[in-house]
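Residue-level structural notes
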Amino acid sequence: MGFINNAKANEATRVATEAYASGRQVLTFKIIEANATHRSTGVMTGIGEQIEAIEAQGWMLANMCAAEGKALTGDRSALICLFRRR
């Protein structure tokens, strides 16, 4: 998966664990695509790993929307994910 994607998944796990432990019912999480070739069809690198990391902490992806965004290295897709407790 790669060092950066592992770090992102670890951060998603940390945030999801803390939100669940504090009794939150909704978690909104922004995921920025790691792949710089965002205009082509294919796997969105790191996205699935972060969603799986959050769901492993007791959350379920309820809704998701996408938007184009600017990152330090150029245009990237950003996903806004709404999770609810299981």
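Residues numbered from 1 in each chain as written. Predicted model: local features only at pLDDT ≥ 70, side-chain atom pairs only at ≥ 80, totals over all residues. Heavy atoms only, no water.

**Brief notes about the environment of R76**
Relative to the helices and strands, R76 resides in strand β3 (residues 74-85). Taking the relative accessible area as the measure of exposure, R76 reaches 16% and is therefore buried. Distance from R76 to I32, taken between C-alpha atoms, is 6.9 Å for residues 44 residues apart in sequence. (Helix = DSSP H or I, 4+ residues; strand = E, 2+ residues; numbered from the N terminus. Buried < 20%, exposed > 50% of the residue type's maximum accessible area, 1.4 Å probe, protein only.)

**Brief notes about the side chain of Q50**
Position of Q50 among the secondary structure elements: in helix α2 (residues 47-55). When neighbours within four sequence positions are excluded, Q50 is seen to be in contact with K8, A9, A12, F29 and I31. (Contact = heavy atoms within 4.5 Å.)

**Side note on the confidence of the model for the protein**
A residue-level look at the protein finds 79% of positions with pLDDT of 70 or above and a mean pLDDT of 85. Taken element by element, the protein is modelled with least confidence in strand β2 (residues 59-71), mean pLDDT 85, and with most confidence in α2, mean pLDDT 94. (pLDDT = per-residue confidence, 0-100.)

**Observations concerning the pattern of salt bridges**
Evaluation of the coordinates by the stated rule reveals two salt bridges. Here E11 makes a salt bridge to R14, at a shortest N to O gap of 2.6 Å. Here R14 and E11 lie together in helix α1 (residues 3-21), a separation of three residues that amounts to about one turn. For E11, a relative accessible area of 36% puts it in the partly exposed group. (Salt bridge = Lys/Arg side-chain N within 4 Å of Asp/Glu carboxyl O.)

**Some words on the environment of I32**
One can find I32 in strand β1 (residues 26-32). Placed 14 residues apart in sequence, I32 and G46 show a C-alpha to C-alpha distance of 8.7 Å.

**Here's the deal with the nonpolar core**
Counting 15 residues, the largest nonpolar core has L27, I54, W59 and F83 as its most contacted members. Within the residue set of this core, elements represented by two or more residues are α1, β1, α2 and β3. Sequence-distant contacts of L27, that is, excluding residues within four places in its chain, are made with V15, A16, A19, I54, W59, C81, L82 and F83. (Core = buried A, V, L, I, M, F, W, Y, C linked by side-chain atoms within 4.5 Å.)

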